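# Breakdown of the fold
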Amino acid sequence: MTAGNAGRGGTDEVGVRYEQDGPVATVTLCRPDVLNAQTPPMWTELGNISRKLPGNVRVVIVRAEGRAFSAGLDLSVAKGGGDSSLSRLAQLSAAECADRIAGFQTAFTWLRSPSFVTIAAVQGHAIGAGFQLALNCDMRVLADDAKFSMAEVTLGLVPDLGGTKRLTELVGPSRALEICVTGRRITAVEADRIGLATAVVPRAELDTAVADLSAAVLAADTGAVAEIKALLQGAPLRSYAEQDRAEREAQTRRLSDLLGSGE
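Scoring rules and cut-offs
- Residue positions are given per chain, counted from 1 along the sequence in the order it is written.
- Only residues with pLDDT of at least 70 get local features here, since the model is predicted, and only at 80 or more are side-chain atom pairs given and counted; chain-wide, interface and lining totals rely on the full set of residues.
- Where side-chain values are given, they derive from all heavy atoms of the structure, hydrogens and water being excluded.
- Here a cavity denotes grid points, spaced 1 Å and computed from the protein atoms alone, that fit a 1.4 Å probe unable to get out, and a pocket denotes an open set having protein on both sides within 12 Å along at least 5 of 7 lines; residues with an atom within 4 Å of a point are the lining.
- Grid points are joined across faces, edges and corners, and a volume is the space filled by probe spheres set on the points.
- A run of DSSP states H or I qualifies as a helix once it reaches four residues; a run of E qualifies as a strand once it reaches two. Both are numbered from the N-terminal end.
- We call two residues contacting when some pair of their heavy atoms lies within 4.5 Å.
- Inter-axis angles, ranging from 0 to 180 degrees, are taken between N-to-C directions of lines fitted to C-alpha atoms, where helices are fitted over the stretch in contact.
- Every angle not falling under 35 degrees, over 145, or within 65 to 115 is termed oblique; those three ranges are roughly parallel, roughly antiparallel and roughly perpendicular.
- Only Asp, Glu, Lys and Arg are considered charged, only Ala, Val, Leu, Ile, Met, Phe, Trp, Tyr, Cys and Pro nonpolar, and every remaining residue, Gly among them, polar.
- Strands are labelled as partners when DSSP assigns at least two bridges between them.

## So, empty space enclosed by the protein
The final tally for this structure, using the stated rule, is one cavity of 30 Å³ or more. The calculated volume of the largest cavity comes to roughly 60 Å³. Lining the largest cavity, in full, are Arg58, Pro114, Ser115, Phe116, Val117, Val217, Thr222, Val225 and Ala226. The leading source of residues in the lining of the largest cavity is helix H11 (residues 222-234), at three residues.

Structure (structure tokens):
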């Protein structure tokens, strides 16, 4: 991969494009004619990007072409006869089905890595898999026309692409349950009010707002950002005493990195 043109070979045909500009990587969903509906080949490419991501990347921006971030799972694929169709998955053993879904999840969950900060730039609809893609990012900058929906329930399914824990952490278990079982649309205004949005901006200002946020992340110390992300990610699983210890240990590492061990 080379800066400014990394990982582009063939990805537009799959529906995912990767570009890199120095420490900033941009992953773009590029099937605007179908509102960036997602397919297993797109998830494979997202997973490939995660494995080939250069070590100098500090910010990953996830965005989409056209008027919608993502309409979710491409139902023409899901209801077709391919290896990744819902009917084919249902024919697998429980273990095989779970393994297949685990592979799909890796396309999303790599965005949580403490090695970089991930920002979703969301315009229009982000439904189902689109909502979960945004949830797996650390921050979500929304255009004022953005709408979230966890629509899996309308197919009799559950959200399974790594979005339920983050959703619960952001809005609480009661609100998360209501969002998931109703599948209703959540406007940008509501998303901002209940904690799903890092910021809401006019549609015309979305790219600028994301660039400004990215620049602010890059202005901070690289090691400190990684430690802070890991510290905050682990906080819900720790007691107060455990979190206090984690803070001490993280700070000790930072002091050692910045000033040396003193030996």
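Continuing now.
## Quick look at the side chain of Arg166
When you line up the elements, Arg166 lands in helix H7 (residues 164-171). Not counting chain neighbours up to four residues away, the residues in contact with Arg166 comprise Arg112, Leu135, Asn136, Cys137, Asp138 and Arg140.

## Here we look at the packing of H11 against helix H12 (residues 240-259)
In a pair of packed helices, the angle between the axes and the distance between the axes together describe the arrangement. Close contact between H11 and H12 brings their axes to 11 Å; oriented N to C, the two are set at 170°. On the basis of their axis angle, the class for H11 and H12 is roughly antiparallel. Counted together, Gly223, Ala224, Glu227, Leu231 and Gly234 of H11 and Gln243, Ala246, Glu247, Ala250, Arg253 and Arg254 of H12 form the full contact between these two elements. Here the residues of the contact of H11 with H12 are counted per class, giving four nonpolar, three polar and four charged.

## What to know about the sheet that holds strand S8 (residues 186-187)
Ordered by their spatial adjacency, three strands build an open sheet running S5-S7-S8, and the pairing between neighbours is mixed. The open sheet has two edge strands, strand S5 (125-127) and S8, and neither has a second partner.

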